[in-house]
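Listed below are the residues making up each chain.
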Amino acid sequence: MMLEHRQATVFFCPKAWKLFCGAGCYIKHMCGIFGYVGERQSDVALLAYWALRDLEYRGYDSWGIAAMTPEGIYIKKSVGKISDANEREFRGVSGKIAVGHSRWATHGGVSEVNSHPHFNRDRTISVIHNGIVENHNELRAFLREKLGVSHEDLFVSETDTEVIPHLIDYFLREGKNFEQAFVETGKMLEGRYAVVVMKKGEPYLLAMRDGSPLVVGEGRDEYYLASDVPAFLDHTRTVCYPGDREYLKVSADGMMMRSLENGTKVEPKWIEIVWDKVSATKEGHAHYMLKEILEQPLALDKAIHQEDEQLLAAARLMKEREHLFFIGCGTAAKMAKLGELYAATVGEKLATAFVGSEFNTYGRFLDRKSLLFAVSQSGETADVLEALSIGRKKGTKIISLLNVVGSSMDRMSDQKLFINTGPEIAVASTKAATAQIAVLILLAYALGKKLGEGKHLMRKVVKEMKQWVTLDLSREIRIVAQKLKDTNDLYIIGRGLNAPIAHEAAIKIQEVSYIHAEGFPGGELKHGPIALIQKGTLVIALIPNDETKRDMESNTTELKSRGAYIIGVSPSHSPLFDEWIQVPDIGVASPIASLIPIQLLAYHLAVLRGNDPDKPRNLAKSVTVK
Ligand code: F6R
């Protein structure tokens, strides 16, 4: 067991802090958080360990547990998966309060010092956090000025989170009590967060949330706080979900919930959870695929939080290279194609997209003047890695757009951009794909020297998506899926930016519903595929309000006059449509709006046809063989 006084210098690392400042980056994470307060006397750390194991799907690169024991604060942190830790390590730690955190870093250091909990200087305050403190730089400056200390004397980690315990500490020193100091701190935070705080000597936990998940479980003389219910489902099924900008004071005796803004009391709404533990890890959804589709507004929000410097540096490299090759496989190949299209249309730079497995033929054209741009969720796809290794041998620069930090592509690349969407568990890629589109759009705007415009557009897109991508949309698409579920064939057409989405739509439907689906550029129809159209053939037409609209309408007319049943995915209605899936008009980001309802359609088709959409037959999440 490690006690607080022994920890005092272990976490201090000015070197890491300097490196962090120099890189100008900050840590973003998805993470799982857990808090316990109650009458339990023994094995309180073990309880946190079990909970974190159940939250591991949310983050698994490092973890930490702190517990208030009669001997002092117990602290245990480590790099790696919590499930790799030995259960015995946590036995015998007695106490009534504990917090735990399982981290999934997508930017920068996976290290013990960056793992949570984070502490104030005398380590009396332990903080766990899921989300991003976007104004952490300003808050650091505020603390420096108020406390008159250097960064090195105050901060030991590279995280945005660490401002929280120092702010609470500052307000305590100003004469506020723990709860007041916590509330003052909460009011200063910008970004997304779910935060749980334990203070030595206080018999309660404080928690707050804005944007990141937090659920409370009510047991007998005990409460649980967690990112997701499986963390405590073995102990209670009575739960309540605090709203945004609400805070909680939780002790063994009860829970009090208030508004962070004005302190007004909020009545908790307790509900009973009926799911089993496995489905509960999906935040209440029946499948990971649905959860991941519905969390796209948040995933997009995370994806567009890129450092300007990084985008501009990548754009500079793209601009100055003679040959620019985008490369990816499967869904990522379709997104690579979009990268090519955005580079041309928004960034005014000619590029070529290749499917990873077909790149070998072109390897001979790689040289020091060319650039390989890899798009990959996992960063481990064998065919892309092979192309990158050819590039490396020839001195070709490499940029990768990834989700997984520390992956092979991360290590092979000169520059990397991360989509920051958190683990994608369902085999069929959904949230990673739209997040890739978002970053590719920002990059194209940076390439065209109008990054500000791109950021403005993407902020609007996120806002639109937050209103639109909800369970209501899912229900609407399920009704369409009911009508289509018995078909043997389905065709999808799109032009311009939506041509790669027609292809992506086809593989999404194939993968999980096992329906034969094919995507074509609208203009290619009359060169062959139109021969397949008969009365009742199902065709999805992607018709955004852009320069492709008129041509798409004429292609759709050709299909309609041959008896096709048209499902229009469009912001505007047309008499050509037998079914209309109305999507928001989001300009050049239209591929995002076209794709999301198709992902939902694929999902519902799979479920209605009795398939498991999370684990489609014959497929693996990461294809690490050729
Ligand atoms: C389809 C899908 C796959 C992946 C492909 C590449 O839904 O998920 O087609 O896109 O295997 O994987 P990453 O992006 O990890 O390189």
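Above: the structure in question.
Residues numbered from 1 in each chain as written. Predicted model: local features only at pLDDT ≥ 70, side-chain atom pairs only at ≥ 80, totals over all residues. Heavy atoms only, no water.

(A) Structural detail: the overall build of the chain. Scanning the chain for helices and strands turns up 20 helices and 24 strands. For 626 residues, the compact-globule formula gives about 25 Å, and the C-alpha radius of gyration of the chain, at 26 Å, lands near that figure. Overall size of the chain, expressed as C-alpha extent along the three principal axes, is 80 × 55 × 45 Å. Going through the 626 residues of the chain one by one, you find that 61% of them count as buried. For the chain, the proportion of contacts with a sequence separation of at least 24, taken over those separated by at least 6, is 73%. Put simply, the chain shows about 23600 Å² of open surface, and 49% of that area lies on carbon and sulfur atoms. (Helix = DSSP H or I, 4+ residues; strand = E, 2+ residues; numbered from the N terminus. Rg over C-alpha atoms; globule rule 2.2 N^0.38 Å. Buried < 20%, exposed > 50% of the residue type's maximum accessible area, 1.4 Å probe, protein only. Contact = heavy atoms within 4.5 Å. Areas by Shrake-Rupley, 256 points an atom, 1.4 Å probe, with all protein chains shown as cover.)

(B) Region of the structure containing the environment of P203. Within the secondary structure, P203 sits in the loop between strand 7 (191-199) and strand 8 (204-210). Note: C-alpha distance between P203 and L559 (356 residues apart in sequence) is 69 Å. The residues contacting P203, other than those within four sequence positions of it, are V37, I97 and S251.

(C) Quick look at the pattern of salt bridges. Applying the stated criterion across every chain yields a total of 26 salt bridges. With its nearest N and O atoms 2.8 Å apart, the salt bridge here joins R91 to E87. Each of R53, E87 and R91 takes part in salt bridges that share partners, so that together they form one network. (Salt bridge = Lys/Arg side-chain N within 4 Å of Asp/Glu carboxyl O.)

(D) The nonpolar core, seen in detail. Counting residues in hydrophobic clusters, the biggest one holds 90 residues, and the most contacted among them are F373, M458, I509, I540 and I592. Considering each element in turn, this core owes the most residues, 14 residues, to helix 15 (residues 431-447). Taken domain by domain, the makeup of this core includes at least three residues from each of domain 2 (280-469) and domain 3 (471-614). Apart from residues no more than four positions distant in its own chain, F373 is found in contact with M318, L324, F325, F326, I327, I399, L401, L440 and L443. Counting residues in hydrophobic clusters, the runner-up holds 29 residues, among them Y36, V44, A45 and V239. (Core = buried A, V, L, I, M, F, W, Y, C linked by side-chain atoms within 4.5 Å. Domains from an automatic or database assignment.)

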